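Letter by letter, the chains look like this.
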Amino acid sequence: MPTRRAVRHSFTILAVTAVLSGTLAGVADATPPGIPSATTAKSELAALTVKADGSLTGYSRDKFPHWIDQGNNCNTREVVLKRDGTNVVTDSSCAPISGKWFSPYDGATWTAASDVDIDHVVPLADAWRTGASTWTTAQRQAYANDLTDPQLIAVTDNVNQEKGDKSPDAWKPPLVSYWCTYAKMWVAVKYKFKLTINSAEKSALTDMLNRC
């Protein structure tokens, strides 16, 4: 039998395992709010300022206070886990104790919240390089906990870690079928928060949106 680590590093095996175990049935995709149409995303992409990324000097995740209290004993991560999961049951402190999470990045389904990360679609470090370094802490906190735009999504933890702070020219979701949606989310966030893009990033996003 393959080890758990070996299985989780093989996206093909992940998807097959999920199907065979029946966990894929009846589980909805994680769908953040505010995803624009392809036409709107293309218009927003054209309106973004194209310039070289800035420096990461001074960057720290601590400068983007995240997973803040959202009321009802729930923090931002827990709210997204409930939003993006199916049949999620939580304890009195809002921690999920059961449920199913389908990761649209790679097509895997998980039944333990510990296997799921909440991805910042436009990573905090990328935001810092493209405009957020000049924001106030309050502005960065709002960005890192944004529940009204397509900025937060529940996905497989290993996939999120592989992505890191990469922009679409350096990393795309393993499932090509999700590239269109991913590009629409990325563009919407950059447009909403007036972040810049570099030329390679714009080229990658254009290609992804042309698949819609």
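From a predicted model like this one, the values you see are computed outputs, not experimental measurements.

**Q** Looking at this model, I keep getting lost on the sheet that holds strand β1 (residues 86–90). Mind explaining?
**A** Whether parallel or antiparallel, the strands of a sheet pair through hydrogen bonds between backbone atoms. Strand order across the open sheet formed by three strands is β1-β2-β3, with antiparallel pairing between neighbours. The sheet terminates laterally at β1 and β3 (108–110), the two strands that pair on one side only. For this sheet, the mean inter-axis angle between neighbouring strands, taken without regard to orientation, is 15°. Where strand β2 (residues 96–103) lies against β3, three bridges are found, and the strand directions are antiparallel. In the sheet register, Trp101 faces β3, and the bridge partner there is Trp110. Its contacts with the sheet place helix α4 (residues 76–84) against β1 and β2, and it is angled at close to 145° to β1.

**Q** Would you mind showing me how to read the packing of helix α8 (residues 179–192) against helix α9 (residues 199–209) here?
**A** A packed helix pair is summarised by two numbers, namely the angle formed by the two axes and the spacing between the axes. Running from amino to carboxyl end, α8 crosses α9 at an angle of 135°, the nearest separation of the two axes being 8 Å. Relative to α9, α8 is oriented oblique. For the crossing formed where α8 meets α9, the hand is left-handed. Counting all contacts with α8, which are made through Trp179, Cys180, Tyr182, Ala183, Lys184, Trp186, Val187 and Lys190, the residues of α9 involved are Glu201, Leu205, Met208 and Leu209. When grouped by side-chain class, the residues that make up the contact of α8 with α9 number nine nonpolar, no polar and three charged.

Calculation rules
Residues numbered from 1 in each chain as written. Predicted model: local features only at pLDDT ≥ 70, side-chain atom pairs only at ≥ 80, totals over all residues. Heavy atoms only, no water. Pairing = 2+ DSSP bridges. Helix = DSSP H or I, 4+ residues; strand = E, 2+ residues; numbered from the N terminus. Axes fitted to C-alpha atoms, helices over the stretch in contact; angles between N-to-C directions. Contact = heavy atoms within 4.5 Å. Parallel < 35°, antiparallel > 145°, perpendicular 65-115°, else oblique. Left-handed = near helix turned anticlockwise from the far one by under 90°. Nonpolar A, V, L, I, M, F, W, Y, C, P; charged D, E, K, R; others polar.

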